[in-house]
Amino acid sequence: MSSTALPAEAVPALMTGEIVANANEMGRADAYLPSPCIQNHAANLAFLPDGTLTCVWFGGTMEGMGDISIYMSRLASHADVWSQPEKMSDDPTKSEQNPLIFTAPDQRVWLLYTSQTSGNQDGSVVKCRTSEDGGKTFGEVRLLCDIPGTFVRQPIVVNEGGAWLLPVFRCIGLPGERWTGDVDTAGVLISRDQGESWAMTEVPDSIGAVHMNIVPTDDGNLVAFYRNRFAESVLCSRSSDGGEHWSAPQPIDLPNNNSSIQATKLKNGVIAMVYNHSNASMSDARRQSLYDEIEGDDEIKAVSAPAIERRKAVWGVPRAPLSLAFSNDGGASFPRRIDLDTGDGYCLSNNSKDSVNREFSYPSIVQGPDGTVHIAYTYYRRAIKYVRLSADSIA
């Protein structure tokens, strides 16, 4: 199962939101979500209480710029066209990124996202808006976490005791240097009072483990998967106490290219993960950092900044193919894989204006009540692509 990539210049004409059956794959349909933006990235899917499927992402000219804002499109139950997007944030001084939607047990709907200046992820904070009417309208923007460098990406999970687990990663700045991701770590913000307050717990020995993605397992425990800053393999850790404590992340049998992954447990107990089947050993493509195009060659000067010995985060490894893998043993191994989109995955530039980028990245996956699997991801940083798979097509 795969899809042949289209030329980047052809994507805007297809951004109608209409879901069309894929002529090459039985049980598959595709769409490109409508957007007014040149760049669209970091999709997350979630269902609202009434069954509407939502997709949130960030859009603007280029990641890190002040015009980057959060957008949301909706797919009503049984509809075949995604709605025109709503702009959900609008701070012209900040780059607002990595949104997610969470429907709480009390049916309040939360929108969370990050807010930073330029490429300074080590200064990011987490903001939120909440909805009291099932996601139809949202209240004012407020601060959820003001610990500098806190970033979100993956969904909130409610543990068996009712506590909310918000996986985060900590973007750590080093003296005299711009943030590059070299020493980022993982953590979990835990709320025991329905989101009124949050406490941070750190994941031990987690340097380089980011985008923590928590998935409940059939034995009542939790497994977490991570993006790997050093572009080697997907990482994994576990918790047997409801997410209060975690084992140190360890590699599993899937490659990772320092790009986002997302997994979910299907109704049959299988864990399905969407990711790029690629890592640094498969390509010598490299770039200086994620934000080298907007930061230029300026150096941050610091007085007597000490040299720090460390591994360097790897950027620029191709973000392709986009693959879907399956685990029958609670995430210990993923022996079966299918490709959803194939191409060269070129990501040495974030430039969408000139159609330079050709990545498939930042996937999101959810399963609907009828067993249908829904996937959304970045397509060439020009569009958010949506793929719908019948339960039979992935059986």
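This text follows the structure it describes.
Residues numbered from 1 in each chain as written. Predicted model: local features only at pLDDT ≥ 70, side-chain atom pairs only at ≥ 80, totals over all residues. Heavy atoms only, no water.

A.B. asks: I tried to follow the overall build of the protein chain on my own but got confused; where do I start?
C.D. replies: Secondary structure assignment for the protein chain yields 2 helices and 26 strands. Here the protein chain has a C-alpha radius of gyration of 19 Å; the compact-globule value for 395 residues is 21 Å, and the two agree. Dimensions of the protein chain, computed from C-alpha atoms along their principal axes, come out at roughly 60 × 50 × 45 Å. Counting all 395 residues of the protein chain, 60% fall into the buried class. Put simply, 56% of the contacts in the protein chain that link residues at least 6 apart link residues at least 24 apart. Split by element, the accessible area of the protein chain, about 15,100 Å² in all, is 51% carbon and sulfur. Here the protein chain contributes 33 positive and 48 negative side-chain charges, whose respective centroids are spaced 2 Å apart. (Helix = DSSP H or I, 4+ residues; strand = E, 2+ residues; numbered from the N terminus. Rg over C-alpha atoms; globule rule 2.2 N^0.38 Å. Buried < 20%, exposed > 50% of the residue type's maximum accessible area, 1.4 Å probe, protein only. Contact = heavy atoms within 4.5 Å. Areas by Shrake-Rupley, 256 points an atom, 1.4 Å probe, with all protein chains shown as cover. Lys, Arg positive; Asp, Glu negative; His and termini not counted. Charge placed at Lys NZ, Arg CZ, Asp CG, Glu CD.)

A.B. asks: Just to check I follow, could you spell out the pattern of salt bridges for this structure?
C.D. replies: Opposite charge on two side chains lets them pair, provided their charged atoms get close. Summed over all chains, the structure comprises 23 salt bridges. With its nearest N and O atoms 3.1 Å apart, the salt bridge here joins Asp 218 to Lys 265. With Asp 218 in the loop between strand S16 (209-216) and strand S17 (222-228) and Lys 265 in strand S20 (residues 262-265), this pair connects stretches of sequence that are 47 residues apart. Residue class for Lys 265 comes out partly exposed when judged on its relative accessible area of 30%. Across the salt bridge formed by Asp 341 and Lys 385, the nearest N and O atoms sit 3.0 Å from each other. Placement of Asp 341 in strand S23 (residues 336-341) and of Lys 385 in strand S26 (residues 383-389) is noted, with a sequence separation of 44 residues between them. (Salt bridge = Lys/Arg side-chain N within 4 Å of Asp/Glu carboxyl O.)

A.B. asks: In this structure, what is going on with the sheet that holds strand S19 (residues 250-255)? I would like to understand it.
C.D. replies: Strands pair in a sheet through their backbones, by hydrogen bonds, and they do so in one of two ways: parallel or antiparallel. Pairing is antiparallel across the open sheet formed by 4 strands, whose spatial order is S16-S17-S18-S19. Strands with a single pairing partner mark the edges of an open sheet, and in this sheet they are S16 and S19. Adjacent strand axes in the sheet meet at a mean angle of 30°, parallel and antiparallel pairs treated alike. Looking at chain direction, strand S18 (residues 233-239) and S19 are connected through 3 bridges and run antiparallel. By the bridge assignment, Cys 236 is partnered in S19 with Gln 250. (Pairing = 2+ DSSP bridges. Axes fitted to C-alpha atoms, helices over the stretch in contact; angles between N-to-C directions.)

A.B. asks: How should empty space enclosed by the protein be read in this particular structure?
C.D. replies: By rolling a water-sized probe across the atoms, one finds the places where empty space is left. Within the structure shown, the criterion is met by 3 cavities of 30 Å³ or more. Forming the walls of the largest cavity are 13 residues, and the residues nearest its centre are Arg 287, Trp 315, Gly 316, Arg 319 and Cys 347. Per-class residue counts for the lining of the largest cavity are 5 nonpolar, 4 polar and 4 charged. Considered as a void within the structure, the second largest cavity measures approximately 60 Å³ in volume. The wall of the second largest cavity is formed by Glu 63, Asn 98, Gln 121, Phe 151, Phe 169, Trp 179, His 211, Arg 227, Arg 229, Leu 290, Trp 315 and Tyr 362. The class makeup of the residues in the lining of the second largest cavity is 6 nonpolar, 3 polar and 3 charged. (1 Å grid on protein atoms, 1.4 Å probe; cavity = no way out; pocket = protein on both sides within 12 Å on 5 of 7 lines; lining within 4 Å. Points joined across faces, edges and corners; volume = space filled by probe spheres on them. Nonpolar A, V, L, I, M, F, W, Y, C, P; charged D, E, K, R; others polar.)

A.B. asks: Can you walk me through the environment of Ala 5 in this structure?
C.D. replies: Among the secondary structure elements, Ala 5 is positioned in the segment before helix H1 (11-14). With relative accessibility at 21%, the residue Ala 5 sits in the partly exposed group. Not counting residues up to four positions away in its chain, the partners in contact with Ala 5 are Asp 341, Thr 342, Phe 360, Tyr 379 and Tyr 380.

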